[in-house]
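The lines below spell out each chain.
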Amino acid sequence: MRILFRNILKFAPALLFVVTAHVVTTGQTAKLQLDQLDVLANRASETVDVKLDEHLMQMTAKFFSGKDTDDAEIRDLLKNLKGIYVKSFTFEKENEYSPAEVDSVISQLRGGGWSKIVGVTSKKNGDNVDVYLLTIADQIAGLAVVSAEPKEFTVVNIVGPINLEKLSELEGSFGVPLLNLPPPKPKTAK
Amino acid sequence: MLATFIAITLALSMPIGASADRDGFSDAVKLIEQFYHVKHQNIPLLARAGMKAVKTAAKIRGGEYKKLAEAGSVRVAFFEEQTFDSRGQIASFKSAVQNLLASPWSALVQTLAPKSEEQTYVYVRDAGKNFHVLVITIERREATVIQATVAPQILAELLKNPDGMGKALTDEATTSDP
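It should be emphasised that the depicted structure is a prediction, and the values quoted were computed from it without experimental measurement.

Asker: Is there a simple way to explain the interface of chain A and chain B in this structure?
Answerer: The interface is formed by 32 residues belonging to chain A together with 31 residues belonging to chain B. Interface area for chain A against chain B, summed over the two sides, is near 2600 Å², with a carbon-plus-sulfur share of 61%. Viewed at the interface, chain B and chain A are joined by three salt bridges. Between B:Lys115 and A:Glu92 there is a salt bridge whose closest N-O contact spans 2.9 Å. In this assembly, chain A and chain B are joined by 10 residue pairs in polar contact (both at pLDDT 80 or more).

Asker: How do you make sense of the nonpolar core when you look at a structure like this?
Answerer: Side chains of nonpolar character tend, in soluble globular proteins, to be buried together. Residues A:Leu78, A:Ile84, A:Leu167 and A:Leu170 are the most contacted members of the largest nonpolar core, which totals 51 residues. It is helix α4 (residues 152-159) of chain B that contributes the most residues to this core, five residues altogether. Not counting chain neighbours up to four residues away, the residues in contact with A:Leu78 comprise A:Met57, A:Gln58, A:Ala61, A:Phe64, A:Ile84, A:Leu170 and A:Phe174. Of all hydrophobic cores here, the second largest spans 27 residues; its members include A:Ala41, B:Phe93, B:Leu101 and B:Ile138.

Asker: I'm lost on the confidence of the model for chain B in this one. Help?
Answerer: Low pLDDT means the predicted coordinates in that region are not meant to be read closely. Residue and element names in this part refer to chain B. Averaged over all residues, the pLDDT of chain B is 76; the fraction at 70 or higher stands at 71%. Mean pLDDT values over the elements of chain B span from 46, in helix α1 (residues 2-13), up to 94, in helix α2 (residues 24-36). Taken as a whole, residues 4-20 scores under 50 in pLDDT and shows nine contacts with residues more than four places along the chain or in a different chain. A low-confidence stretch, residues 49-63 (pLDDT under 50), is modelled with 36 contacts involving residues beyond four sequence positions or located in other chains.

Asker: Would you mind going over the pairing of strand β3 (residues 114-122) of chain A with me for this structure?
Answerer: Note on strand geometry: in a regular strand, side chains alternate between the two faces of the sheet. Residue and element names in this part refer to chain A. Here eight bridges tie β3 to strand β4 (residues 127-136), and the two strands are oriented antiparallel to one another. Considered in β4, the bridge of Gly119 is made with Asp130. In this antiparallel pair of consecutive strands, β3 and β4, the connection spans four residues, and Gly126 shows a positive phi of 75°.

Asker: Can you walk me through the pattern of salt bridges in this structure?
Answerer: Any two side chains of opposite charge can pair if their charged atoms end up close together. For the structure shown, the criterion picks out 13 salt bridges over all chains. Between B:Lys94 and A:Asp38 there is a salt bridge whose closest N-O contact spans 3.3 Å. Of this pair, B:Lys94 sits in helix α3 (residues 90-100) while A:Asp38 is found in the loop between α1 (2-27) and β1 (46-53), placing the two residues in two different chains. By the burial criterion, B:Lys94 is buried, and A:Asp38 matches it. B:Arg141 is the salt-bridge partner of B:Glu81, the closest N and O atoms lying 3.5 Å from each other. Highlighted residues: B:Glu81 in the loop between β1 (75-79) and α3 and B:Arg141 in the loop between β4 (130-138) and β5 (143-150), separated in sequence by 60 residues.

Asker: Sorry, what's going on with the environment of A:Leu109 here?
Answerer: Residue and element names in this part refer to chain A. Mapped onto the fold, Leu109 is located in the loop between α4 (99-106) and β3. Note on Leu109: relative accessible area 3%, which makes it buried. Residues Leu109 and Thr29, 80 residues apart in the sequence, show an inter-C-alpha distance of 9.7 Å. Ignoring sequence-local partners within four residues, the contact set of Leu109 consists of Leu32, Trp114, Tyr132, Ala144 and Val146.

Scoring rules and cut-offs
Residues numbered from 1 in each chain as written. Chains lettered and ligands numbered in written order. Predicted model: local features only at pLDDT ≥ 70, side-chain atom pairs only at ≥ 80, totals over all residues. Heavy atoms only, no water. Contact = heavy atoms within 4.5 Å. Buried area = accessible area lost by both parts, 1.4 Å probe. Salt bridge = Lys/Arg side-chain N within 4 Å of Asp/Glu carboxyl O. Polar contact = N/O pair within 3.5 Å; in protein donor to acceptor, adjacent residues only side chain to side chain. Core = buried A, V, L, I, M, F, W, Y, C linked by side-chain atoms within 4.5 Å. Buried < 20%, exposed > 50% of the residue type's maximum accessible area, 1.4 Å probe, protein only. Helix = DSSP H or I, 4+ residues; strand = E, 2+ residues; numbered from the N terminus. pLDDT = per-residue confidence, 0-100. Pairing = 2+ DSSP bridges.

This is the structure in structure tokens:
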């Protein structure tokens, strides 16, 4: 028994590290790593970087009064979210950001529970807008919008339960830009 | 050995800088002075009358003017008639601000326009039942650093339009009430 206890103590640091790493990684899968895009700020004519973390949203969500229908909807939406992160870069000329920079975001959305639910490509304008949803155990855990236009590159990452319909409620506020996504399909009447 | 291990683990798990209650306002002013080689001025409240006419604060939801900052909570530092030239290194300044205002401050909004040298940084931290909001606004010839205490109800309103939040607070802090 004493030998067993000694062995457990011996491996305790490694065990703790593995458990901590697992908790950290699984807890952050919906939050994308976007800091690598910061280098674009020197090339962009305009950069917008918005970070609304869980603490801030939980602290302020309760102050959206339920009297106003919009406010009540926003409060219900925000109280479940864990973060809204937006990075948007506007350029004066075309091709000022590289496919590698777009791929640094898209590569995080390949597999791992992420699936593309909307993909809009305009050959005429060169616009590409993709919407990805993260599902963990049949629950929506996050959403990402990657909008790559010739002179604009925008990434919206929302952590928490959200769908396209709710995303449209956030457009134009909380730092979420107007995304001009196709309207969500109406629910079929039961 | 176990005790040492637990102590090290606890120390590593604490956020860096959590113990230091840094004065973000003074640190931000110093950073601007060092990066841009400029000097700030502290302008008394009365001298600020009429400096700015537009009250963006009035444009926040509801249309009518609402007092944003808690009374007596505003700190202001101006940089006027000086040159703010990042020499193509505006992202470096952004990184410097991020490093400086690490925990307990949280970055909320950062906007940069290198060509016009326009930058806005809005940081937030807890202040008991309220929040401290730190706003850094830089243009080609002037800059402002504002720190104000804001009630959560007001912060909730401002969060709806985070891009306009810095301007709303700066306008209020630099405009005397009629």
